[in-house]
Amino acid sequence: MESKSLIAQQLLSDPRVAQATELLTAALAEHSAKLSARGPIPELTEPYQKWLDVFAQLRGNALFFPYLGSGAGQGALVELADGSVKYDMITGIGVHAMGHANTDLLPELIPAVLSDTVMQGNLQQNTESLLLSKQLVTLANQHGASLNHCFLSSSGAMANENAIKVLFQHKVGSSRILAFQNAFAGRTHLTGQVTDRPKNRVGQPLTVPVDYVPFFDASRPEESTQETLQIVERYLQRYPDAHCGFIMELVQGEGGYYSAPREYFVSLCELLKRHKVPVFFDEIQTFGRTYAPFAFQMLELDEFADVVTVGKMSQICATFFRQELNPKPGLLSQTFTSSTTAIVTARWILRKLVEGNFYGPQGRIADIHSRFVRRFEAIHAKAPDRIQGPWGIGGMIAFTPLDGSADAAKKVLHALYEAGVIAFVAGAGPARVRFLPPFLSLTDDEIENVCDILESVLLSPELNS
Ligand SMILES: Cc1ncc(COP(=O)(O)O)c(C=O)c1O
């Protein structure tokens, strides 16, 4: 709502705000431009290690990487508090798709910083939350889905938790949920039970039975499709009317970056529809990163979407659901929606996704993917035992290093980190290395530099030791 009688509008149109924004943007651009990849500054090494030790003590556990950011960065480059500057190919596990210290984003954030509250919540929200919900719902339904509603939350696990609660309330009397093997749904008590990793829920009582179904196997497409369908049918017969829904990642994220052809998902979704089992697409990791804003749009599964969740690069997480699943008041609520800056950033990212040329076979995401793949294949041609595909999908890039063991992946990740590239693991059998690059700002030169470092790490004789 725009009105000159609102004090908020008068503040934002004060010429001092425009002037300050210009100054801040210029300062950010000037200082960020000084960054280039480098190792640590010697005199900072010791105090940095002390900070890491204190942090490990406070958390009760050491960090996976010795990573403490300084607060500076530019695009894919990030400065750590020991002065080193590295290429960030994991971006907070898929969150900072816009890159570090984005100077186009900064002017959008100034009104958010000047806004009356840091956080917005369910009871008191500002207009940005309404506008974000509208953008999200419009984007989700652009190719025919019927996701009438969207409830905002501040973590992927919470978005999934809300989704599962909506499903249970909708399907009265249901008590079980279907999920794929190797699913990752989060780490709350409920989503931790859906996540197919017993070591993540040690000591937790199991309250919701999860029926796991094997995922598509590209090495035996026909057979594995039939296997999935038969196992689902078996569960549905064994527990009639007991399943609140089937939660599925269309590209398995933590499971190792594997997807399946459209026909696989269509036959599965049709089977579920025949049995009145709602279909829930967990797009916390896929959102924005495949060849359409939603992976269900890429796979043209819009008609099947009953519940969908997004997170990570959307900054704010959200649970979408059809009108007939709209829960009774009281089921969903929370103190925080998120911070005003995060909400404004989410709006900016969604605008970029819609206005930029990111999607489709000729889009920037496909281009980025093929640039990485070209380099991965060239390294594979030189040393087939050092790197193997499949290479992931779109902005979810992965490879299997060495023999695919967890130790090998860890070794490669730490060697890459030392050499100046931050990546992370995905999957367990085999253990893979994944990149979630900041594709909104990533340059071709950054891709080449990262792949040069990767090549020198993978071809280094020290990796054998
Ligand atoms: C598919 C999927 N669902 C849910 C989650 C949980 O999200 P969060 O870590 O924001 O709670 C993740 C996180 O990696 C994810 O990849």
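Shown above is the structure to which this text applies.
Residues numbered from 1 in each chain as written. Predicted model: local features only at pLDDT ≥ 70, side-chain atom pairs only at ≥ 80, totals over all residues. Heavy atoms only, no water.

Caption draft 1: Representation of the overall build of the protein within the structure. Counting secondary structure elements, the protein contains 15 helices and 20 strands. Over its C-alpha trace the protein gives a radius of gyration of 23 Å, about what one expects of a compact globule, namely 23 Å for 465 residues. With respect to the three principal axes, the spread of C-alpha positions in the protein is 70 × 65 × 50 Å. About 21300 Å² of surface is accessible on the protein, with carbon and sulfur atoms providing 55% of the total. (Helix = DSSP H or I, 4+ residues; strand = E, 2+ residues; numbered from the N terminus. Rg over C-alpha atoms; globule rule 2.2 N^0.38 Å. Areas by Shrake-Rupley, 256 points an atom, 1.4 Å probe, with all protein chains shown as cover.)

Caption draft 2: Inspection of the site of the ligand at higher detail. Taken together, 13 residues are adjacent to the ligand, and Gly156, Ala157, Asp282, Gln285 and Lys312 come closest. For the ligand, an oxygen atom lies 2.8 Å from a polar atom in the backbone of Ala157. Lys312 is positioned with one of its side-chain polar atoms (N or O) 3.0 Å from an oxygen atom of the ligand. Surface burial for the ligand is 82%, taken as the share of its 390 Å² of free accessible area covered by protein chains. (Near = heavy atom within 4 Å. Polar contact = N/O pair within 3.5 Å; in protein donor to acceptor, adjacent residues only side chain to side chain.)

Caption draft 3: Summary view of helix α2 (residues 15–32). The terminal C-alpha atoms of α2 lie 26 Å apart, and with 18 residues this matches the ideal 26 Å at 1.5 Å per residue to within 8%. For α2, the set of buried residues is Val17, Thr21, Thr25 and Ser32. Considered in projection along α2, the buried side chains sweep an arc of 65 degrees and stay on one side of the axis. Seen from the buried face of α2, the exposed residues on the opposite side, beyond 90 degrees, are Pro15, Arg16, Gln19, Glu22, Leu23 and Glu30. On its buried side, α2 packs onto α1 (7–12), β1 (69–74) and α5 (106–114). (Expected span 1.5 Å × (residues − 1). Buried < 20%, exposed > 50% of the residue type's maximum accessible area, 1.4 Å probe, protein only. Arc of directions from axis to C-beta. Contact = heavy atoms within 4.5 Å.)

Caption draft 4: Representation of the packing of helix α6 (residues 127–140) against helix α12 (residues 340–355). Viewed as axis vectors pointing N to C, α6 and α12 meet at an angle of 30 degrees, and their least axial separation amounts to 10 Å. In terms of orientation, α6 lies roughly parallel with respect to α12. Of the two elements, α6 crosses α12, and the hand of that crossing is left-handed. Residue-level contacts link Glu128, Ser129, Leu131, Leu132, Gln135, Leu136 and Leu139 of α6 to Thr340, Ile343, Val344, Ala346, Arg347, Leu350, Arg351 and Val354 of α12. When grouped by side-chain class, the residues that make up the contact of α6 with α12 number nine nonpolar, three polar and three charged. (Axes fitted to C-alpha atoms, helices over the stretch in contact; angles between N-to-C directions. Parallel < 35°, antiparallel > 145°, perpendicular 65-115°, else oblique. Left-handed = near helix turned anticlockwise from the far one by under 90°. Nonpolar A, V, L, I, M, F, W, Y, C, P; charged D, E, K, R; others polar.)

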